[in-house]
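# Observations on chain architecture
Now for the letters of each chain:
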Amino acid sequence: MASPVDLRGCRVLGLAGTAFLALGGQAAGALPVRQLPAPSSARAALGLVGVYFGVVLLVAAWALLGRLVRGPRPPGPRALLLVLVVWAVPLLMAPPLFSRDVYSYLAQGAMVDAHIDVYAQGPARLGGPLADEVAPLWQHTAAPYGPVFLAVASALSTLTRGALPAGLLGMRLLALLGVALMAAVLPRLARHNGADPAAALWLGALNPLVLLHLVAGAHNDALMLALLGLGLVAALGRWQLLGAALVTLAALVKVPAVLGLAAIIVLRVRAGRRPLPATLTTLGVSAATTVAVTAAAGTGYGWIRALDTPVSPQNWALTSLLGRVTGALLDHLGSDLAPLAVPAWHLLGLALTAVVVTAVWWRLRPRPVYALGLSLATVAALGPAVRPWYALWGLFLLAAAAPSTSVRHRVAAVTGVLALIALPGGGPADLGQSVLAVAGGALALVVLWQAHQLVRAPAPGPAA
């Protein structure tokens, strides 16, 4: 009997999901401040329900597509890339979703364009309508991004002359370029690691987190991961030093990608180089790339000191949560050490991260891409701040190098949870918003159940 799940059905269901996301985002997304509806308005409520209705439909479409990929006649990479395009189309003109970070990107690009030191000043120093769009928490915060991204943001600011709609579209197109490059390198990485290219695309590129946060949210993590993936593909071929340069460029977007240099060194040693020369030449290429790019960008080396950019005091990182709990307990006991609890837990998290990453590389040296994926996942999980899209740092590489289906299933389960935990406006949830979000998801589940029952219903027999 034919399966009720087919590729066309997955395309349509996912398209419906992203269409509801785009429509709901018009009322509940991270809109410009002058377009924000009142939080208690019927329009905002309906938008929030619509967004979560769309999220659940998208996650369901992705899960059903995963069944096809694991089935006896799986779709090929080209068919999956078409699905990715179809699902992404409604998000192209949607407002930013799940975060206001894209406004910070635009403000920081304008600051560089105006010769303001983004590593010493926050967007408030820029002033004007663009700075007003930045979340209050980050108004006085220095940029934590490297010169590669800031140079791109500055060029975009020059091109768009600070116009907000054009800037938002430009940042989204940049993120789309990153996603396209991620999708292009995933099959190649998978083949090098003995994995199924279609399964890698399903988990690493069609993942709901990619669509929700890299496409709809326009995060610069897309550019970081694209450059990291290109560097690994180059190093797996004959171009290890080019790979080192590309990985360095990725780290000059966001610094966690610097761990990719460890993979480059391992691949060079595996290709026949001795460990010490392989390490020195790789680090030399990385240093030269950093100096050249920083000089060209003109932003200086302030990004190094900006790595300790403060995090949201209410973020749900494990070490931050433990720090707050410990601080509250010490405060209750009257101890003067309470203010040190969060910093102490952050330091402990960094130390634990170093231990885990070292153990991973020691054990998995023969599988550098897999080791890198696990390392980046550890950095995301134990760092002082956690965001849903940080999971993509490791997930992107685990999709191409995970050694078993069970690992992919666990990663997919994490994806499903993380897809549901961020509000479309990018702010913290209150009780009313949480209820509306659950209502939207529940409504989608009811619709999916009814559709499933219709598919299973037997066709009527011939008339007597």
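Below is a short write-up of the structure. (Residues numbered from 1 in each chain as written. Predicted model: local features only at pLDDT ≥ 70, side-chain atom pairs only at ≥ 80, totals over all residues. Heavy atoms only, no water.)

## Some words on the environment of Gly-441
How we decide: Strands here mean DSSP runs of E at least two residues long; helices mean DSSP runs of H or I at least four residues long; both are numbered from the N terminus. Between buried and exposed lies partly exposed: a residue is buried under 20% and exposed over 50% of the maximum accessible area for its type, with that area taken using a 1.4 Å probe on protein chains only. By the convention used here, residues are in contact when the closest approach between their heavy atoms is within 4.5 Å.
Mapped onto the elements, Gly-441 comes out in helix 20 (residues 431–456). Classification of Gly-441 as buried rests on a relative accessible area of 10%. Taking C-alpha positions, Gly-441 is 7.5 Å from Val-55, a pair spaced 386 residues apart along the chain. Those residues within four positions of Gly-441 in sequence are excluded, and the remaining contacts are Tyr-52, Phe-53 and Val-56.

## Observations concerning the packing of helix 8 (residues 197–204) against helix 19 (residues 405–418)
Basically, it comes down to this: The axes used here are C-alpha line fits, helices contributing only the stretch in contact, and every angle between their N-to-C directions lies in the interval 0 to 180 degrees. Relative orientations are named as follows: roughly parallel for angles under 35 degrees, roughly antiparallel for angles over 145 degrees, roughly perpendicular for angles from 65 to 115 degrees, and oblique for any other angle. Should the near helix be turned anticlockwise from the far one by less than a right angle, the crossing is left-handed, and should it be turned clockwise, the crossing is right-handed. For this classification, Asp, Glu, Lys and Arg are treated as charged, while Ala, Val, Leu, Ile, Met, Phe, Trp, Tyr, Cys and Pro are nonpolar and the rest, including Gly, are polar.
It is the contact of helix 8 with helix 19, at a shortest axis distance of 11 Å, that shows an interaxial angle of 20 degrees. By the angle class used here, helix 8 and helix 19 are roughly parallel. Note that helix 8 runs across helix 19; the crossing there is left-handed. Along the contact surface, helix 8 presents Ala-199, Trp-202 and Leu-203, while helix 19 presents Arg-408, Val-411 and Ala-412. In terms of residue class, the contact of helix 8 with helix 19 is made up of 5 nonpolar, no polar and 1 charged.

## Structural notes on a nonpolar patch on the surface
Note the threshold: Only residues whose relative accessible area exceeds 30% and that form no salt bridge are eligible for patches; like-charged ones are grouped when within 9 Å, while nonpolar side chains (Val, Leu, Ile, Met, Phe, Trp, Tyr) are grouped when within 5 Å. Here the Shrake-Rupley method, with its probe set to 1.4 Å, supplies the accessible areas, and only the displayed protein chains count as covering residues. We count a salt bridge whenever a side-chain nitrogen from Lys or Arg sits within 4 Å of a carboxyl oxygen from Asp or Glu.
On the surface, Leu-82, Val-85, Val-89, Leu-92, Met-93, Leu-169 and Leu-173 cluster together into a nonpolar patch covering about 640 Å² of accessible area. Counting residues per element, the ones that place at least two in the nonpolar patch are helix 3 (77–88) and helix 7 (164–192). Turning to its location among the elements, Leu-82 is positioned in helix 3. Judged by relative accessible area, which is 45%, Leu-82 ranks as partly exposed.

## Things to note about the packing of aromatic side chains
Stated precisely, the cut-off is as follows: In summary, the pairing rule links any two rings of Phe, Tyr or Trp, Trp by its six-membered ring, whose centres are within 6.5 Å, and it sorts them by plane angle into stacked for under 30 degrees, edge-to-face for over 60 and tilted for everything else.
A complete count under the given rule lists 7 aromatic pairs for this structure. When the ring of Tyr-145 is compared with that of Phe-149, the centres are 5.6 Å apart and the planes differ by 75 degrees; the resulting orientation is edge-to-face. Arranged with centres 6.1 Å apart and planes meeting at 90 degrees, the rings of Trp-389 and Tyr-390 form a pair that is edge-to-face. Classification of Trp-389 by relative accessible area gives buried; the value is 4%.

## Comments concerning helix 16 (residues 341–363)
We apply this condition: In this analysis, the expected span of each helix is defined as 1.5 Å times one less than the number of residues it contains.
With 23 residues, helix 16 should cover 33 Å at 1.5 Å per step; its first-to-last C-alpha distance of 33 Å lies within 8% of that length. Residues Ala-341, His-346, Gly-349, Thr-353, Val-357, Val-360 and Trp-361 constitute the buried set of helix 16. In this structure, the buried side of helix 16 is in contact with helix 12 (260–270), helix 15 (318–332) and helix 17 (368–382).

## Some remarks on empty space enclosed by the protein
Rules: Grid points spaced at 1 Å and placed over the protein atoms alone form the basis of the search, with a cavity being a set where a 1.4 Å probe fits but cannot get out and a pocket an open set showing protein on both sides within 12 Å along at least five of seven lines. Lining residues have an atom within 4 Å of a point. Grid points are joined across faces, edges and corners, and a volume is the space filled by probe spheres set on the points.
Summed over the entire model, instances satisfying the criterion amount to 2 cavities of 30 Å³ or more. Its volume calculated, the largest cavity comes out at about 80 Å³. What lines the largest cavity is simply Leu-106, Ala-110, Leu-130, Ala-153, Leu-156, Ser-157, Thr-160, Gly-162, Ala-163, Leu-164, Gly-167 and Met-171. Ranked by residue count, the leading element in the lining of the largest cavity is helix 6 (residues 147–160), at 4 residues. Of the voids in this model, the second largest cavity is the one considered here, and its volume is about 40 Å³. What lines the second largest cavity is simply Tyr-105, Phe-149, Met-171, Leu-174, Ala-175, Ala-218, His-219, Asn-220 and Leu-223. Element by element, the count of residues in the lining of the second largest cavity is highest for helix 7, at 3 residues. Partitioning the lining of the second largest cavity into residue classes produces 7 nonpolar, 2 polar and no charged.

## Quick look at unusual backbone geometry
One non-glycine residue, His-115, lies in the positive phi region at around 65 degrees. Within the secondary structure, His-115 is located in the loop between helix 4 (101–113) and helix 5 (128–132). Here His-115 falls in the exposed class, since its relative accessible area comes to 75%. Even without a glycine there, the phi angle at Arg-161 is positive, about 55 degrees. Tracing the backbone through its elements, the reader meets Arg-161 in the loop between helix 6 and helix 7. Using a relative accessible area of 79% as the deciding quantity, one classes Arg-161 as exposed.

## With respect to the nonpolar core
The criterion, for reference: Nonpolar core, defined: a set of buried Ala, Val, Leu, Ile, Met, Phe, Trp, Tyr and Cys residues in which side-chain atoms within 4.5 Å join the residues together.
One finds Leu-65, Trp-87, Phe-149, Met-171, Leu-206, Leu-228 and Leu-397 to be the most contacted residues of the largest nonpolar core, which totals 133 residues. Here this core takes 15 residues from helix 2 (residues 42–69), the largest share from any one element. Sequence-distant contacts of Met-171, defined by excluding residues within four places in its chain, comprise Val-102, Tyr-105, Leu-106, Phe-149, Ala-153, Leu-156 and Ala-218.

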